[in-house]
Amino acid sequence: MINWTEVPKTELHLHIEGAAPPDFIRMLAAEKNVDLSKIFKDDGSYVWKDFAEFLQTYEAACSVLQTPDDFRRLTEAVLDVSAAHGVIYTEMFLSPDFCGGGDLEAWKDYLAAMTVGAENGKAKHGIETRFISTCIRHFGPEKAVQTAKITALTAGGLLTGYGMGGEERHLHAADFSKSFEIAAEAGLGLTSHAGEICGAESVRETLDFLNVARIGHGVRAIEDADLIARLVEEQIVLEVCPGSNIALNVYPTWGDHPIEKLRKAGVPVTVSTDDPPYFYTDMTREYRKLHETFGWGLADFKAINRTAMQAAFCDDKTRQRLMAKFE
Ligand code: ADE
Ligand code: ZN
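None of the values given here were measured: they were computed from a predicted structure.

Engineer: Could you clarify how one ought to interpret the coordination of the zinc ion (ligand 2) in this entry?
Structural biologist: Between any two of four tetrahedral donors, the ideal angle at the metal is 109.5 degrees; between two of six octahedral donors, it is 90 or 180 degrees. The protein atoms that coordinate the zinc ion (ligand 2) are H13 (NE2), H15 (NE2), H193 (NE2) and D274 (OD), at distances of 2.1 Å. Classification of the site at the zinc ion (ligand 2) as irregular follows from its 4 donor atoms and the range of 88 to 169° in their angles at the metal. The sequence motif formed by the donor residues of the zinc ion (ligand 2) is H-x1-H-x177-H-x80-D. Exposure class is identical for H13 and H15. Each is buried.

Engineer: I keep staring at the pairing of strand β6 (residues 214-217) and nothing clicks. Help me out?
Structural biologist: Relative to β6, strand β5 (residues 189-194) is paired through 4 bridges, and the arrangement is parallel. Paired with T191 across the bridge in β6 is R214. With helix α7 (residues 200-210) bridging β5 and the parallel β6, this β-α-β connection has right-handed handedness. Pairing between β6 and strand β7 (residues 237-240): 3 bridges, direction parallel. Paired with R214 across the bridge in β7 is V237.

Engineer: Just to check I follow, could you spell out the side chain of H193 for this structure?
Structural biologist: Residue position: H193 is located in strand β5. The class of H193 is buried, set by a relative accessible area of 8%. For H193, the side chain forms a polar contact with the side chain of H15, separated by 3.1 Å. Of note is the side chain of H193, whose polar atom sits 2.8 Å from the backbone oxygen of M164. H193 has contacts with H13, H15, F93, R137, M164, G165, G216, H217 and D274, leaving out every residue within four places of it along the chain.

Engineer: What should I look at first to understand the sheet that holds strand β1 (residues 9-15) in this one?
Structural biologist: Two strands in a sheet stick together by hydrogen bonds in their backbones, pointing the same way (parallel) or opposite ways (antiparallel). Strand order in this open sheet of 8 strands is β1-β2-β3-β4-β5-β6-β7-β8, and the pairing throughout is parallel. Across the chains shown, the open sheet's two edge strands, defined by having one partner strand only, are β1 and β8 (269-271). On average, each strand axis in the sheet is inclined to that of its neighbour by 25°, with strand direction left out of account. For β1 and strand β2 (residues 87-94), the ladder comprises 5 bridges, and the chain directions are parallel. By the bridge assignment, L14 is partnered in β2 with M92. Running over the sheet, α7 touches β4 (159-165), β5 and β6 and is turned about 155° from β5.

Engineer: Help me understand helix α6 (residues 177-185), please; the structure alone is not making it clear to me.
Structural biologist: Each α-helix winds once per 3.6 residues, and so residues spaced three or four apart point in a common direction. Of the residues making up α6, those classed as buried are S177, S179, F180, I182 and A183. For α6, the secondary structure elements touched by its buried residues are α5 (141-154), β4, β5 and α7. Where α6 ends, the next residue or the one after it, G187, has phi of about 80°, a positive value.

Engineer: Just to check I follow, could you spell out the site of ligand 1 for this structure?
Structural biologist: Around ligand 1, the neighbouring residues are H15, F51, F54, Y58, G165, G166, H193, E196, H217, D274 and D275. Within the side chain of D274, a nitrogen or oxygen atom sits 2.7 Å from a nitrogen atom of ligand 1. Interatomic distance of 2.7 Å between a side-chain N/O atom of D275 and a nitrogen atom of ligand 1. Alone, ligand 1 offers 260 Å² of accessible surface; in the complex the protein occludes 96% of this. Its atoms largely coinciding with the cavity grid, ligand 1 occupies the largest cavity. With 3 residues, helix α2 (residues 51-62) is the single largest residue contributor to the shell around ligand 1. Split into classes, the residues belonging to the shell around ligand 1 amount to 3 nonpolar, 5 polar and 3 charged.

Engineer: Can you walk me through the pairing of β2 in this structure?
Structural biologist: Every regular strand shows the same layout, with side chains that alternate between the two sheet faces. Burial runs high along β2: 7 of the 8 residues are buried. Note that β2 and strand β3 (residues 128-136) share 6 bridges and pair parallel. Looking across to β3, one finds that L94 is bridged to S133. Running through helix α4 (residues 104-125), the crossover from β2 to the neighbouring parallel element β3 is right-handed.

Engineer: Whenever I open this one, the packing of aromatic side chains confuses me. Can you help?
Structural biologist: Each aromatic ring pair is characterised by the separation of its centres together with the angle its planes make. Evaluated as defined, the whole model comprises 17 aromatic pairs. Ring centres 5.7 Å apart and planes at 90° place the aromatic pair W48 and F279 in the edge-to-face group. Residue W48 is found in the loop between α1 (22-31) and α2, and its partner F279 is found in the loop between β8 and α11 (283-294); the two are separated by 231 residues along the sequence. For the pair formed by W48 and F279, the shared burial category is buried. Ring geometry for F71 and Y110: centres 5.6 Å apart, planes at 80°, overall edge-to-face. Within this pair, whereas F71 is found in helix α3 (residues 68-84), its partner Y110 is found in helix α4, the two being separated by 39 residues in sequence. A relative accessible area of 9% means that Y110 is categorised as buried.

Engineer: Explain the pattern of salt bridges here, please?
Structural biologist: Any two side chains of opposite charge can pair if their charged atoms end up close together. Counting across every chain of the model gives 26 salt bridges. We note a salt bridge from R321 to E128, for which the minimum N-O separation is 2.6 Å. With R321 in helix α13 (residues 316-323) and E128 in strand β3, this pair connects stretches of sequence that are 193 residues apart. For E128, a relative accessible area of 5% puts it in the buried group. E292 is the partner of R288 in a salt bridge, and the nearest nitrogen-oxygen pair spans 3.7 Å. Taken together, the residues R288 and E292, both in helix α11 and 4 residues apart, mark about one turn of the helix. On the basis of relative accessibility, which here comes to 33%, the residue R288 falls in the partly exposed class. Connected through salt bridges with shared partners, the residues K122, E128, R130, D315 and R321 form a single ionic network.

What counts as what
- Residues numbered from 1 in each chain as written.
- Chains lettered and ligands numbered in written order.
- Predicted model: local features only at pLDDT ≥ 70, side-chain atom pairs only at ≥ 80, totals over all residues.
- Heavy atoms only, no water.
- Donors = N, O, S within 2.8 Å, 3.2 Å for Na, K, Ca; no water.
- Tetrahedral: all angles 85-135°; square planar, octahedral: opposite > 155°, others 65-115°.
- Buried < 20%, exposed > 50% of the residue type's maximum accessible area, 1.4 Å probe, protein only.
- Pairing = 2+ DSSP bridges.
- Helix = DSSP H or I, 4+ residues; strand = E, 2+ residues; numbered from the N terminus.
- Right-handed = clockwise from strand over helix to strand, strands pointing away.
- Polar contact = N/O pair within 3.5 Å; in protein donor to acceptor, adjacent residues only side chain to side chain.
- Contact = heavy atoms within 4.5 Å.
- Axes fitted to C-alpha atoms, helices over the stretch in contact; angles between N-to-C directions.
- Near = heavy atom within 4 Å.
- Areas by Shrake-Rupley, 256 points an atom, 1.4 Å probe, with all protein chains shown as cover.
- 1 Å grid on protein atoms, 1.4 Å probe; cavity = no way out; pocket = protein on both sides within 12 Å on 5 of 7 lines; lining within 4 Å.
- Sits in = over half its atoms within 2 Å of the grid points.
- Nonpolar A, V, L, I, M, F, W, Y, C, P; charged D, E, K, R; others polar.
- Phe/Tyr/Trp six-rings, centres within 6.5 Å; stacked < 30°, edge-to-face > 60°.
- Salt bridge = Lys/Arg side-chain N within 4 Å of Asp/Glu carboxyl O.

This is how it looks when you write it as structure tokens:
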């Protein structure tokens, strides 16, 4: 019997606010005298029933994440969980919109605090962290440009990537090309959510207009053979989050999930949790389910992790050091 918790792992797709343990958010709500009871079920988990409601609950939970020190504590709480599940390298999506409302000076304070959180996590667990600053699609292209500008001005250190999350049905990828150009000029690694809620066309537009090296999810590319050929040809890495897709009913069961078909077709796939407490998952469960559903063994997971480290938004020294853990 393999102990899936202990198997070393990399994670490329984890939203810091979406990874907030419900107890942590309840503690902050109590400290700040905010009534968040409507976003929690009786069993203490987050309330939502579809993607739109998930985004609403997510933003309500963010309302108690108010100060840089709240985000430092959150970073440490999230890294405690990741490390407990064997994660040795993680990339976290941060949202400047939730960290100072798009103001550069405020963002610098939040970023510094989360960097301290990541350093403390490394000292405590040995886990390596990089940050991907994300714009939020349904907040619109103007906010995205502002997010890209303040990200570009603070790039470096642990902040190595730029991305986009949020409501995929809102506008088109092309509407966000300016913000991705600003981030690309600053030398940031680029990724965007696509092909999660919307189909293959959304992935194609994202590749055409945003110049990304990676796609968040991208799984619905499976609906279009020409697009699959393009992903293989261009070696676009998919940040696949199977448990998230199943919780959001993109696929009804693990057996229906296309990750194995994508991998067999030659698409570089990786494995992440997205927003683990919202989707009742963690990295141990993702690995165990992939083992049970598709028979993936230790050699398969080593290959998946090498793919992830190759695509990681980190310096080559860090990449080589961590890659050696998956040989
Ligand atoms: N923000 C947090 N989780 C997300 C997801 N799964 N899709 C889009 N935006 C998100
Ligand atoms: Zn996501």
